[in-house]
Amino acid sequence: MALRRVASAIAALAGLGSVPSIAAAQGVAATEAPAEWLAYAQEVTVAITDWLQADSDTARRFRAYVAGTRDAQSEQSSALMLKVWVAEDGTVSRIDFTPFAHAEANADLRSLIEGRRLNIVPPPDMLQPLRLLVELQARPSDGRSAAEANGASPNV
């Protein structure tokens, strides 16, 4: 269910119709991608969402910046489209995104994601970059991660 919501959100944001592209350069649509690629992309999305929702000075500053850029009429969540490259050992080696107006926000986003190691490694034949939509929301009061509160499975 969470994967479907992520896929729909990516498709809507990217203007791709009803299915997202998993690898931009190769143009593989979710309908053509192996199930393990989709599952992996979901796990990466959950991990990155948790990193961005962390209770650190950098994460709080980044979320405050993003919240401050929202239009007063926009929804309560902010969506970020990220291209993510993951090394064979599960380390996020690179991200690409539409830059923010302030250099500090760009640096904060990179420092929160690049160089971090995921608990799982990418499938050996998976095309990259992964194109992911990450939604930032207010941290739930019950201590769960934002990704868990939104129905995503926890990072294993």
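See the structure above.
Please read all numbers here as calculations on a predicted model, not as lab measurements.

The subject of this paragraph is the side chain of T91. If you trace the backbone, T91 turns up in the loop between β3 (78-86) and β4 (92-96). By relative accessible area, T91 is classed as buried at 18%. Among residues more than four places away in sequence, those in contact with T91 are W85, V86, G115, R116 and R117.

Before going further, it helps to spend a moment on the pattern of salt bridges. If you walk through the whole model with that rule in mind, you get 5 salt bridges. For the salt bridge of R60 with D55, the shortest nitrogen-to-oxygen distance reads 2.5 Å. Among the residues examined, R60 registers a relative accessible area of 36% and is labelled partly exposed. The residue E104 makes a salt bridge to R61 at a minimum N-O spacing of 3.4 Å. Residue E104 is located in helix α4 (residues 103-113), and its partner R61 is located in helix α3 (residues 57-69); the two are separated by 43 residues in the primary sequence. Owing to a relative accessible area of 35%, R61 belongs among the partly exposed residues under this scheme.

Structurally, V134 can be placed in strand β5 (residues 130-136). The class for V134 is buried, based on a relative accessible area of 0%. The spacing of V134 and D50 is 84 residues in sequence and 9.8 Å in space, taken between C-alpha atoms. When neighbours within four sequence positions are excluded, V134 is seen to be in contact with T45, I48, T49, L52, S78, A79, L80 and L82.

The next thing to look at is the packing of helix α2 (residues 35-52) against α4. Between α2 and α4, the shortest axis-to-axis distance is 9 Å and the interhelical angle comes to 125 degrees. One way to sum up the angle between α2 and α4 is to call them oblique. For the pair α2 and α4, the crossing hand works out as right-handed. Residue-level contacts link I48, W51 and L52 of α2 to L109, L112 and I113 of α4. Class assignment for the residues of the contact of α2 with α4 results in 6 nonpolar, no polar and no charged.

Conventions we followed
In every chain, residue numbers begin from 1 and rise along the written sequence. This being a predicted model, a pLDDT of at least 70 is required before a residue's local features are given, and a value of 80 or more before pairs of side-chain atoms are given or counted; all residues contribute to the totals for chains, interfaces and linings. Only heavy atoms go into the side-chain values, all of them from the structure, while hydrogens and water stay out. A helix here means a DSSP run of H or I that spans at least four residues, while a strand means a run of E at least two residues long, and both kinds are numbered starting from the N terminus. Categorising residues by exposure relies on relative accessible area from a 1.4 Å probe, with only protein chains included: less than 20% of the type maximum marks a residue as buried, more than 50% marks it as exposed, and the intermediate range marks it as partly exposed. Two residues qualify as a contact provided that any one of their heavy atoms is within 4.5 Å of a heavy atom in the partner residue. Any Lys or Arg side-chain nitrogen found within 4 Å of a carboxyl oxygen on Asp or Glu counts as a salt bridge. Axis angles are defined between N-to-C directions and span 0 to 180 degrees, where every axis is a line fitted to C-alpha atoms and, for a helix, only to the segment in contact. Any angle that is under 35 degrees is reported as roughly parallel, and any over 145 degrees as roughly antiparallel; angles of 65 to 115 degrees are reported as roughly perpendicular and all others as oblique. Rotating anticlockwise by less than a right angle from the far helix to the near helix defines a left-handed crossing, while the corresponding clockwise rotation defines a right-handed one. Polarity classes work like this: nonpolar for Ala, Val, Leu, Ile, Met, Phe, Trp, Tyr, Cys and Pro, charged for Asp, Glu, Lys and Arg, and polar for all others, with Gly in that last group.

All we've got here are geometric facts, nothing functional implied.
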